[in-house]
Amino acid sequence: MRFSFSSIWILCLFSFGVGCGAKDNSDTATFRPIQTENAEFWHRQTTVTAELMETIVAQFNAENPSLPIEPIYAGNYGEIYRKVTTSIKAKTLPALAVAYENMTAEYAQSNAVVELDSWVDHPEFGLSEDDINDFFPAMLDTNRFTEYDGALLSLPFTKSVLVLYYNKRVLKAAGLTTPPKTWEEFITQSKQIKERTGKFALSFDVDCSTIDGILFSMGGQVMKDGKTQYDSTESIETFELIEYLFKEKLAYQNPPGTFNDETDFGNDKIGFILRTSSNRPYLEDLFNDHDAWGIAPLPQSDLDNPKTVLYGGSICLFNTTPEQQEAAWKFVRYFTSTEATVQWALGTGYLPVRRSAANDPKMQAFWESWPDNRVAFDCLEYAVPEPNISGWQQIRNRVARAATEVISSMSTGQDAAIRLKKDADAIISKQRN
Amino acid sequence: MKQRILHSALWVGAILMNYPFLWMMLTSLMPLEQATKNKHGIWPETWNWKNYLDAWNAAPFGQYFINTLAISITVTVSVVLTSLLAGYALAKIPFKGRGILFALILSTMMVPFEASIIPNFVIISKLGWYNTYAALIVPWCANAFSIFLVRQAFRSVPNDYFDAARIDGCGEFRFIFTLGVFLVRPMLITVALFAFLGSYNSLIWPLIVTSSESLRVIQVGLTVFSGETGVRVNLLMAASTIVILPTALLYLITQKFLMEGAGQAGIRG
């Protein structure tokens, strides 16, 4: 071939250099709505939950016909994130989309997200003080962003808490009648399961939220004064707990990204799984027998001061036209009303965002049908959200890596926690610079 | 004896290669509980043919199929056409800067798909093509790999054919479409197959450039069975079985040419 490959590389490097040097002027941009006839709402719900959401949207549209909300399935959270970040570059956005809070923080860097405090205070369409107080504190805390002076940038959508699912048949075979309330009891029961049945007690899914949930239940914090607390005593205890469970062969690791732990749980191969409360409907289908399994709050270190982690998606509104913003705000206000949040919770397994849901007769009937249905709701009063800072996704990956190192005996729990603290703080300071 | 060992090895290989397909088809007929719990072997306890109906009704798969086939066929025809013309020109028409042009075309293969999503989307958006068939088709109507393959195929054809045709007064276009197509036919079929499969299996790009249900493609349809808290394995496998039928059929029809084409270009699996 009569050409020089070096010329290609020079060209590629030049193109890359131009790309890297290109100024992102999104912060001064105005965003066009993707369409003007409707307000597009990008979500990730499928099948039954998508149908329910469309029902709720239809109810809303019937009362607000001027600019209807159009729900659009846009893939999973990761795919929606890519779709939104790509659309931000093209300066064209939907009216609203579901997002994890750390994603919202990144969208906000491009000035793409509507600050909701002004809508909350809106004289005509705002929320009253009673409304605000009706939200569980964690539901709003998780949507307030310290990086943006505590501004409210999103509202809760698919929220759930970390709970302990236990297999009654396995516990019974091990001579146990009730699930553990504390981590000490959890270890004792796990050993008993191992000794009497030969089975593993737990299939552990390595996930940052699960680890943070355990850390909260140990009385610890993830962030304080802008620094992570992964080297705290409680964090070290969390990683040492994981280390102990694996060292003693009381737990095994669930293959990442799979739900094999639920399969093994349904097949009576293990006694416990630590998973989000929104998995309840799936486990209902799997067991179809309330005598076979149960739901319990996360074991605690201090029963007088319980904690668990709040997780799940929120909805953020985008900076497009005033008409689109108004339609989107009215919709999220409707979606988080007591009536709609109960309807959503009963049909999906996600949790109601308001305390007043407890007074709803349908909610009460649901809890009476099986008392364990109420466990997650009761956890909401003390649920703690994870940080919503930029770069949190990277820290999440580091947390999972630290746990994997402990599980694979590459590191002790203490060393992994201390190293994690350094890595996480480095990510935060890099983001700030 | 030697042949028996060879045949046995081939049988083992064939069974291993086909086992995932068998598993997919059998799982598609299981009740959810058996499919999820992964118990009682791979044979369904009850044959739930209704899974196929449930999977089909879980999303507008009919519309998705029509869209996917329309897009994939258009992309395939376009890729074959552009790579035929470009491949011929780069192989047989001498012109100034041909080597540099070919190098530039090849250099586009070094840009990963992920890196091209944002600029491509910005262009599509500025052209007003968001949520149109054009956005799904036009960016994929030509690609460097196909051009490279066809160019290599044309280079292996002796120049005597071209010289003889020219002496008889045959123009370039006439030569390409009357003789050239047949001379590089196995490679064109290979290129067509790759283009069709690439288009048929694409997920991220269609998801990014469309929001209307009426423009969605089959791979987007498959994602509806995976929720945040679990996967409806039996329905997903039923839908997957339906979805792979056209590609499996296409492969069976074109496998002879695919082998020839792979041989010509020195491709290994």
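Residues numbered from 1 in each chain as written. Chains lettered and ligands numbered in written order. Predicted model: local features only at pLDDT ≥ 70, side-chain atom pairs only at ≥ 80, totals over all residues.

1. Here's the deal with the overall build of chain A
Piece 1. From N to C terminus, chain A includes 19 helices and 16 strands.
Piece 2. The C-alpha atoms of chain A give a radius of gyration of 23 Å, which matches the 22 Å a tight globule of 433 residues would have.
Piece 3. Each principal axis of the C-alpha distribution contributes one length, and for chain A these read about 70 × 65 × 45 Å.
Piece 4. In chain A, which comprises 433 residues, the proportion classed as buried is 51%.
Piece 5. Summarising the internal contacts of chain A: among those between residues at least 6 apart in sequence, 76% fall at separations of at least 24. (Helix = DSSP H or I, 4+ residues; strand = E, 2+ residues; numbered from the N terminus. Rg over C-alpha atoms; globule rule 2.2 N^0.38 Å. Buried ≥ 20, exposed ≤ 12 C-beta atoms within 10 Å, placed from the backbone. Contact = placed C-beta atoms within 7 Å.)

2. Quick word on the overall build of chain B
Piece 1. What chain B contains, in helices and strands, is 14 helices and zero strands.
Piece 2. Helices and strands in chain B line up, N terminus first, as α-α-α-α-α-α-α-α-α-α-α-α-α-α.
Piece 3. C-alpha extents for chain B along the principal axes are approximately 70 × 65 × 30 Å.
Piece 4. A buried classification covers 34% of the 269 residues belonging to chain B.

3. With respect to the packing of helix α10 (residues 208-217) of chain A against helix α11 (residues 233-247) of chain A
Residues and elements named next belong to chain A.
Piece 1. Direction vectors running N to C along α10 and α11 enclose 120°, while the axes themselves pass 9 Å from each other. By the criterion of interaxial angle, the relationship of α10 to α11 is oblique. Here the hand of the crossing between α10 and α11 comes out right-handed. Where α10 abuts α11, its residues I211, I214 and L215 lie against E234, S235, T238 and L241.
Piece 2. Broken down by class, the residue content of the contact of α10 with α11 amounts to four nonpolar, two polar and one charged. (Axes fitted to C-alpha atoms, helices over the stretch in contact; angles between N-to-C directions. Parallel < 35°, antiparallel > 145°, perpendicular 65-115°, else oblique. Left-handed = near helix turned anticlockwise from the far one by under 90°. Nonpolar A, V, L, I, M, F, W, Y, C, P; charged D, E, K, R; others polar.)

4. Focus on the packing of helix α18 (residues 392-407) of chain A against helix α19 (residues 413-432) of chain A
Residues and elements named next belong to chain A.
Piece 1. Relative to each other, α18 and α19 sit at 165°, their axes nearing to 9 Å. By the angle class used here, α18 and α19 are roughly antiparallel. The element α18 and its partner α19 pack so that their crossing is right-handed. On α19, the residues that touch Q394, I395, R398, V399, A402, E405 and V406 of α18 are G413, A416, A417, R419, L420, D423, A424 and I427.

5. Here we look at the pairing of strand β9 (residues 200-204) of chain A
Residues and elements named next belong to chain A.
Piece 1. When you tally the buried positions in β9, you get five out of five residues, the bulk of the element.
Piece 2. Taken together, the two bridges between β9 and strand β13 (residues 270-276) define a ladder with parallel strand orientation. Paired with F200 across the two strands is I270, which belongs to β13.
Piece 3. Pairing geometry for β9 and strand β12 (residues 251-253), over three bridges, is parallel. Across the sheet, residue S203 finds its bridge partner in β12, namely Y252. (Pairing = 2+ DSSP bridges.)

6. Some words on the domain arrangement of chain B
Quoted interface sizes are often the accessible area lost when the parts come together.
Residue and element names in this part refer to chain B.
Piece 1. One can read the domain layout of chain B as domain 1 (1-48) and domain 2 (61-265).
Piece 2. Relative placement of domain 1 and domain 2: their C-alpha centres are 32 Å apart.
Piece 3. Counting from both sides, the interface comprises nine residues of domain 1 and, opposite them, seven residues of domain 2.
Piece 4. The set of elements that each furnish at least two residues to the side of domain 1 that touches domain 2 consists of α1 (2-27) and α2 (32-37).
Piece 5. Its residues assigned to classes, the side of domain 1 that touches domain 2 comprises six nonpolar, three polar and no charged. (Domains from an automatic or database assignment.)

7. As for the nonpolar core
Piece 1. Of all hydrophobic cores here, the largest spans 179 residues; its most connected members are L96, V161, Y165, L202 and L317 of chain A together with V150 of chain B.
Piece 2. For this core, the element with the most residues is helix α4 (residues 61-92) of chain B, which contributes nine residues. (Core = buried A, V, L, I, M, F, W, Y, C linked by C-beta atoms within 7 Å.)

8. Quick word on the domain arrangement of chain A
All names here are of chain A.
Piece 1. As assigned here, chain A comprises domain 1 (31-159 + 312-382) and domain 2 (160-309 + 387-432).
Piece 2. Taken together, the contacts link 21 residues of domain 1 with 20 residues of domain 2.
Piece 3. Of all the elements in the fold, those that place two or more residues in the side of domain 1 that touches domain 2 are α4 (101-108), β8 (154-167) and α17 (375-379).
Piece 4. For the side of domain 1 that touches domain 2, the element with the most residues is α4, which contributes four residues.
Piece 5. Split into classes, the residues belonging to the side of domain 1 that touches domain 2 amount to ten nonpolar, six polar and five charged.

9. Looking at the environment of F148 of chain B
Piece 1. Secondary-structure assignment places F148 of chain B in helix α8 (residues 144-155).
Piece 2. Spatially, the C-alpha atom of F148 of chain B lies 25 Å from that of A164 of chain B, the residues being 16 residues apart in sequence.

10. As for unusual backbone geometry
All names here are of chain A.
Piece 1. For K91, which is not a glycine, the phi torsion comes out positive at approximately 60°.
Piece 2. Tracing the sequence through the fold places K91 in the loop between α3 (77-89) and β4 (92-93).
Piece 3. With phi around 60°, N111 is a residue other than glycine that occupies positive phi space.
Piece 4. Along the chain, the position of N111 falls in the loop between α4 and α5 (117-120).

11. Structural notes on the pairing of strand β5 (residues 96-99) of chain A
All names here are of chain A.
Piece 1. Alternating residues of β5 divide into L96 and V98 and A97 and A99, and every residue in both groups is buried.
Piece 2. Sheet analysis places strand β2 (residues 39-43) next to β5, joined by two bridges and oriented parallel. Pairing of F41 across the sheet is with L96, part of β5.
Piece 3. As judged from the four bridges shared by β5 and strand β15 (residues 308-317), these two strands associate in the antiparallel manner. In the sheet register, V98 faces β15, and the bridge partner there is I315.

12. Notes on α1 of chain B
Residue and element names in this part refer to chain B.
Piece 1. Spanning 26 residues, α1 covers 37 Å between terminal C-alpha atoms, matching the ideal 38 Å at 1.5 Å per step.
Piece 2. Along α1, the sharpest change in direction is near 40° and occurs at N18; proline P20 comes one to four residues later.
Piece 3. Counting buried positions along α1 yields one of 26 residues, so the element is predominantly exposed. (Expected span 1.5 Å × (residues − 1). Bend = angle between axes of the 7 residues up to and from the residue.)

13. Quick notes on the confidence of the model for chain A
Piece 1. Averaged over all residues, the pLDDT of chain A is 90; the fraction at 70 or higher stands at 93%.
Piece 2. For the stretch residues 1-29 of chain A, pLDDT sits under 50, and the model shows 17 contacts to residues farther than four places along the chain or on other chains. (pLDDT = per-residue confidence, 0-100.)

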